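Per-entry structural report
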Amino acid sequence: MTTRPIRISKAAVIGSGIMGGGIAALLAGAGVEVLLMDIVPFDLKDEEKNDPAARNRIVKAGLDAALASSPSLFFNKKDATRISIGNLDDDIEKLAECDWIVEVVVENLNIKQELFAKIEKIRKPGSIVTSNTSGIPLKNMSEAFSKEFKEHFMGTHFFNPVRYMHLLELIPGEDTLPEVLETMALFGERNLGKGIVWAKDTPNFVGNRIGVQGMCAVVNAMIEDGMTIPEVDAIFGPALGRPRTAVFKTTDLVGLDTMISTSKNSYELCKDDEQRETMILPDFIHQMAKKNLLGNKTQAGFYKTELTPEWKKIRKVLNPLTLEYEDLVRPSFPCLDEAKKKTTLEEKVNCVLRGDDRGALFAWKMAANAFQYAASRIPEIADTIVEIDNSIKWGYNFENGPFESWDTYGVKEAVEQMESDGLDVPANVKDMLAKGNTSFYKLENGINYFYDFASDSYKKVPVSKNMISIAAAKGNDKTVLGNKSASLVDIGDDIFCLEFHTKMNSLNGEIMEIMDKTLDYVDQNGAGLVIGNEAGGMPGAFSAGADISMISKACHEKKYAEIETLVKAMQDGMMSINYASFPVVAAPYGMALGGGCEVCLAADRIVAHSELYMGLVEIGVGLLPGGCGNMNLWKKYINALPAKTYKDIDLAKLFVPAFMKIAMAAVSMSAAQARGNGYLGLADRIVMNRDNLIGEAKKEVLKMVDDGYAPPAKQPLRVMGDAGQGMVNAEIFNMLNGKFMSEYDAFLAKRIAYVMSGGEVKVGSEVDEDTILKLEREAFVDFCKEEKTIARIDHMLKTGKPLRN
């Protein structure tokens, strides 16, 4: 397509419920001016009928709910200033100003048709109109409207919660213009950060058609096979590459009413579906709905939490046979115990699906059903396996889609097992195997291919032109250095990527070792470096910090000289990044905590994904940042100042906020908040689509190279000295009185302030970096001698949670 995409500067969202509020929040976070609209309340009193506030009561409540949501639907609450509200009686003329109008009203064909009739009269020619329907056919909605309306009409199906779910299904209408499709695909991917799946105008489209059938099949099989709710959730969790919420906790999150309506929609509209009967939910589900046991929204669903008289939380789970709640006992199976010993997802999946215990047999039964159903839906709901796999991964947070899971088991072996079990194998899969093709995907020369049933051949998996795959580069033998913990990968144009691949990408000795070798290698062979990785999970971890098990061991053995050596190595690594002869760009996403945050602060620039949970959290384990974090955060604050004002500005206005970020272990809830916290500077960028993160970071490196990159010169830092420590002591006193920190927190915080302020010097003094780093090392080692620090470290290693002692 060569037609220029339509510019979207202002959008209208009609319908202010959870989904509409989420779409409005996402659009506002992407810099779009938003008009959020809803109906006028039906129950207005006579004195309210001319009151604008009363007439906007519903939409105002919707926006307020979006602002109050937890987790937040907004990247930054300030984004709400881009949202104006209105109602469909008084403000409908404002739709004429909008480039995109998205309908998110109740799933009722007549209501939608009436709304679109009003929109057609007011919208400006060329504006795009879409429906967020999850099941009503688009052709039924638009059949009565003009050709120009139909040419600019299509489906845009977001998944809830909108900010966090990567999937956006785009459904072309029969008459939708190519430039409209291109605009929405480009805008959805680049501006909104979504993974695009092209769906056909069929009931429940792709994600819900596959996902809901899978859930319904599991629920029915659970009753048939005498499984329990906790047993099913134990099986269909991380061991199979699925979220910890598994089946029933996920339904509690989404809402049982949503599951019932979506399954009913599939059953009523998919009359020729060979597995239509699996979408009839068992009776206990409908009994739950009658009792209003809808999940989290009603505080009770498949699970609920009760409080004892001693205010202790007790988790309960529903017994589907009695509809009574029982104490939750977490089950296990031999296949799950074995899977826990494995490191890769492929090994874990095969432990479960190839096991012979009761849980494994149930897992295989449901996997086979999923394989059958997915293969039989092509080309009905989508043209290729890629759309189906992506919709499940992006819409349900599975690590693999059904065809990728089938590959993991082995296509031929799975088919043989299915036939042995007396199950029908879809003809397209049997035909694929008969032609000698034994996998749905394959990697050749760094390029991913998928099997296309229509052409009986392998085709390239379509990817964004902005996407760079580290995995594909490694598959093309582009790894130039590596060990068990990290790899250096050539990503083209003389740019390399340093990838961590430890658990949670935590920093250890091997990573520091490869970092030194990386900087030497790139200095001799490359033009620049990206530090990033493609680890999965939600939110995932760029790096959750240093591996504190090493520190714990050294603390218990009182090997303080060894600890100082470790800290010095970390500092040297960060300083080498900071002053490398080539540009270094960090590409964080998800968790960038402790040492992971310090890696980012050491880089020349940061290109961050919008979902960024960044902070220096070492005080939670009784330590302080030991990889230049105290100094580099302070540098980030003062480097944001205009050069001319650097000598004149009152540093006190910067010092306390910078110190508080470390003392309170402040973690951003988005990249926008990380910028507000001072971790991202004006030159750093935020990317909405994580798929494009490495590619955008590489672009930044190349731009710096083209601009004639020169490393920063080492300069002394202007510090707050004793005045800063005095100011901080006052803050600490207030926090102690307010019980915001413990006595030990206060002890740690005072020493952190001492380091960050440059030690025993006067306010405004200039101190060289090595002096501050020496103070940092000394404090780190001294903290390691404290029993309460050791207790905090051990508690974190044991529970994964901080101890406030």
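Source: prediction; values computed, not measured.

1. Some remarks on the sheet that holds strand β7 (residues 167-172)
The mixed open sheet is built from eight strands, whose spatial order is β3-β2-β1-β4-β5-β6-β7-β8. At either margin of the open sheet sits one strand with a lone partner, and together these are β3 (83-87) and β8 (195-198). Within the sheet, the average angular offset between the axes of one strand and its neighbour, ignoring direction, is 25 degrees.

2. Thoughts on the layout of surface pockets
In this structure, the second largest pocket occupies an estimated 910 Å³ of space. Here the lining of the second largest pocket takes five residues from helix α25 (residues 629-639), the largest share from any one element. Looking at side-chain class alone, the lining of the second largest pocket contains 17 nonpolar, five polar and seven charged residues.

3. Here we look at the environment of Thr 479
Considering the arrangement of structural elements, one finds Thr 479 in strand β15 (residues 479-482). According to the relative accessible area criterion, Thr 479 is partly exposed, its value standing at 35%. Note: C-alpha distance between Thr 479 and Asp 490 (eleven residues apart in sequence) is 6.3 Å. When residues no more than four places from it in sequence are discounted, the contact partners of Thr 479 are Lys 474, Ser 487, Leu 488 and Val 489.

4. Details of the pairing of strand β17 (residues 495-500)
Burial runs high along β17: six of the six residues are buried. Pairing of strand β16 (residues 486-490) with β17, which is carried by five bridges, proceeds in the antiparallel orientation. Within β17, the residue paired with Ala 486 across the bridge is Phe 500. Relative to strand β18 (residues 528-531), β17 runs parallel, the two being bridged by four bridges. Counterpart to Ile 495 in the pairing with β18 is Gly 528.

5. A look at the packing of helix α8 (residues 207-225) against helix α11 (residues 256-269)
Contact geometry for α8 and α11: axes closest at 10 Å, N-to-C directions at 105 degrees. Of the possible angle classes, the one that applies to α8 and α11 is roughly perpendicular. Residues Asn 208, Arg 209, Val 212, Met 215, Cys 216 and Val 219 of α8 touch α11, and the partners they reach there are Met 259, Thr 262, Ser 263 and Ser 266. When its residues are assigned to classes, the contact of α8 with α11 shows five nonpolar, four polar and one charged.

Reading guide: rules and limits
Per-chain numbering applies: the sequence of each chain, read as written, is numbered from 1 onward. Reporting of local features is limited, given that this is a predicted model, to residues whose pLDDT is at least 70; pairs of side-chain atoms are given and counted only at 80 or more, and all residues count toward the totals for whole chains, interfaces and linings. The basis for every side-chain value is the complete set of non-hydrogen atoms in the structure, without hydrogens or water. Strands are labelled as partners when DSSP assigns at least two bridges between them. Going along the chain from the N terminus, every DSSP run of H or I of four or more residues is numbered as a helix, and every run of E of two or more is numbered as a strand. Angular values range over 0 to 180 degrees, each being the angle between N-to-C directions of two axes fitted as lines to C-alpha atoms, with helices fitted over their stretch in contact. Grid points spaced at 1 Å over the protein atoms alone were grouped into cavities, where a 1.4 Å probe fits but cannot get out, and pockets, open sets with protein on both sides within 12 Å along at least five of seven lines, with lining residues defined by an atom within 4 Å of a point. Grid points are joined across faces, edges and corners, and a volume is the space filled by probe spheres set on the points. Following the grouping adopted for this structure description, the nonpolar residues are Ala, Val, Leu, Ile, Met, Phe, Trp, Tyr, Cys and Pro, the charged ones are Asp, Glu, Lys and Arg, and the polar ones are all others, Gly among them. For every residue, the accessible area obtained with a 1.4 Å probe (protein chains only) is divided by the maximum for its type, and the residue is called buried under 20%, exposed over 50%, and partly exposed between those limits. Contacts: residue pairs with any heavy atoms within 4.5 Å of one another. The labels follow the angle: roughly parallel below 35 degrees, roughly antiparallel above 145, roughly perpendicular from 65 to 115, and oblique for the rest.

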